[in-house]
Each structure stands twice: as structure tokens, then as C-alpha cells.
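One-letter residues, chain by chain:
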Amino acid sequence: MRVTLFATCIVDMFQSDVGIATVEVLERLGCEIVFPSGQVCCGQPAYNSGYVEDAKKAMKKMIATFEDAEVIVTPSGSCATMFKDYQHVFQDDPEWRPRAERLADKTYELTEFIVDVLGIEDVGAKLEGIATYHPSCHMTRLLGVKDAPMKLLSHVEGLEMQPLPNAQNCCGFGGTFSVKMGNISEQMVDEKVDSVTETKASYLIGADGGCLMNIGGRMQRRGKPVKVMHIAEVLNSR
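Residues numbered from 1 in each chain as written. Predicted model: local features only at pLDDT ≥ 70, side-chain atom pairs only at ≥ 80, totals over all residues. Heavy atoms only, no water.

If you look the protein up in an unreviewed UniProt entry, it shows as Lactate utilization protein A from Terribacillus saccharophilus. What UniProt records for the protein under Sequence similarities (unreviewed entry) is the sentence "Belongs to the LutA/YkgE family." (UniProt positions renumbered as here; feature names shortened; annotations may be inferred.)

### Considering the nonpolar core
The tendency in soluble globular proteins is for nonpolar side chains to be buried side by side. Leu 159 and Ile 205 are the most contacted members of the largest nonpolar core, which totals 35 residues. Elements that contribute at least two residues to this core include exactly α2 (16–28), β3 (71–74), α7 (110–117), β5 (126–134), α9 (147–153), β7 (203–206) and α13 (231–235). Setting aside residues up to four positions removed in sequence, Leu 159 forms contacts with Leu 127, Gly 129, Ala 131, Leu 153, Tyr 203, Ile 205 and Val 234. Counting 18 residues, the second-largest nonpolar core is a separate cluster that includes Phe 6, Ala 69, Cys 79 and Trp 96. (Core = buried A, V, L, I, M, F, W, Y, C linked by side-chain atoms within 4.5 Å. Buried < 20%, exposed > 50% of the residue type's maximum accessible area, 1.4 Å probe, protein only. Helix = DSSP H or I, 4+ residues; strand = E, 2+ residues; numbered from the N terminus. Contact = heavy atoms within 4.5 Å.)

### Details of the pattern of salt bridges
In the structure shown here, the tally under the stated rule is 10 salt bridges. Among the ionic pairs, Lys 56 bridges to Glu 53, the shortest N-O distance being 3.2 Å. In this pair, Lys 56 and Glu 53 both sit in helix α4 (residues 52–65), 3 residues apart, roughly one turn of the helix. Judged by relative accessible area, Lys 56 falls into the buried class, the value being 19%. Judged by relative accessible area, Glu 53 falls into the exposed class, the value being 55%. In this structure, the salt-bridge partner of Arg 102 is Glu 67, at a minimum N-O distance of 3.9 Å. Taken together, the residues Arg 102 in helix α6 (residues 96–105) and Glu 67 in the loop between α4 and β3 connect sequence positions 35 residues apart. With relative accessibility at 47%, the residue Arg 102 sits in the partly exposed group. Linked by salt bridges that have partners in common, Glu 186, Asp 190, Asp 194, Arg 218 and Arg 222 make up one network. (Salt bridge = Lys/Arg side-chain N within 4 Å of Asp/Glu carboxyl O.)

Shown next, in the form of C-alpha cells:
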């Protein structure tokens, strides 16, 4: 299958290893990867801050950039959700709504694509140790992807998964929320770090870079010896 990669800003600027792992996993599963150089931010930060009209400029750019894609895959439940939301943003625009709907119909988060489209649950990954998984808010509550990551992780050889207490709780990132409401965000991420510590896991795994940066940064400041990994990196472990 010919897959067009939507890398996301966080992967592009902070987590390039996640992008590399995503490409290598998909290629190993038989996919041909296309990377449109014209991709930019999906517009989510501006949109969530209330600057809808400003965000539309980036959204239109992304719709046009990915218009010819057969299927779009991104290693982020949050950014995949934003692509899905374009159709609502442009619901009163007769030109852009159908184009946004077509984009939404062919956009998938990485684990969702592997399990639900390719029909694969075992990618041949190997990683020794105890791990716990943080289900991000956008990915589970808005995108509705809950089972795919756990199915894939259950087949990683050598990996023992421990349930995360209060897993449904937000980590406190929320994009600009962590900046605007820093004191509240700090208390939320401290609760998440305490939950991770309770599992005695060596690895914290997630599927959204923003959450992993937030939780990982707090764990580092508190001196917690837990390695933070994006699920793409885990699936690429051999």
C-alpha cells in the first residue's frame, strides 16, 4: 500500500526518531512511504486557542498537500483527530467541506492503520522489560482508538505490560493549556507520574508526542528512572 506520512510538528522538531521508526515499521510491513515536503502545522494550536480563521490558512494548505494521497498515516492521535475535524471547521464552505471530508476518510493514526487496515497485530518487535501505557485524551476520547495500541504491545516479545492506575486521567499537557494553566497542569502531570511510578515500569509508552514530552519532562525533574518511548519506537525495536 502507498502510504503518505503526516509527520506532525512535534516529530519534525523534537522527536525525529519517532518519524524514522514510523517509516521503518511501515516499510517492513510492505508499505511504500511518500512524504510531501509541503506539509506544515495542521493548525491545531491556533484553532484550540480560538483563532479559527487564522487556523484555516494552515488547514487549507494541508488539505491541498495531502489531496492526492491514497491513505494518510500519522504517529499522533491528536493530529489525526485534527485532520478529522477539518470537515466540521469547513461545514459551511461548499468548496472546502467535501475536500476536508475526503481527507478525513483516508486519515489514520499509526496503530489504528496497522491493526484495522493492514490487519496486523504482531510486527515482530522485541523489547525486554516492564512497561505501562498512557492513553492520550484526543486519541481515545475523540479519535476513538483504544484497542489497537494494546493489541500491538501484547505481541512485543519480552515486554510485560502493567495497567496504568487512573489511566483515563489527562496528563495535563493539553497543548497551550500547560502554558496558560501551568500550576494546574503541574498537579495533573504529578498525578500521572505517581501512577506510572506505582506500576514499577521501566518504560512509559504512549502514542502522542506532546503527552510523552510532558510526562517525561516531569519524571526527569523528579528523578524517576523511567524511559519514555513512543509506540512507534517500541514497534521498531528488534
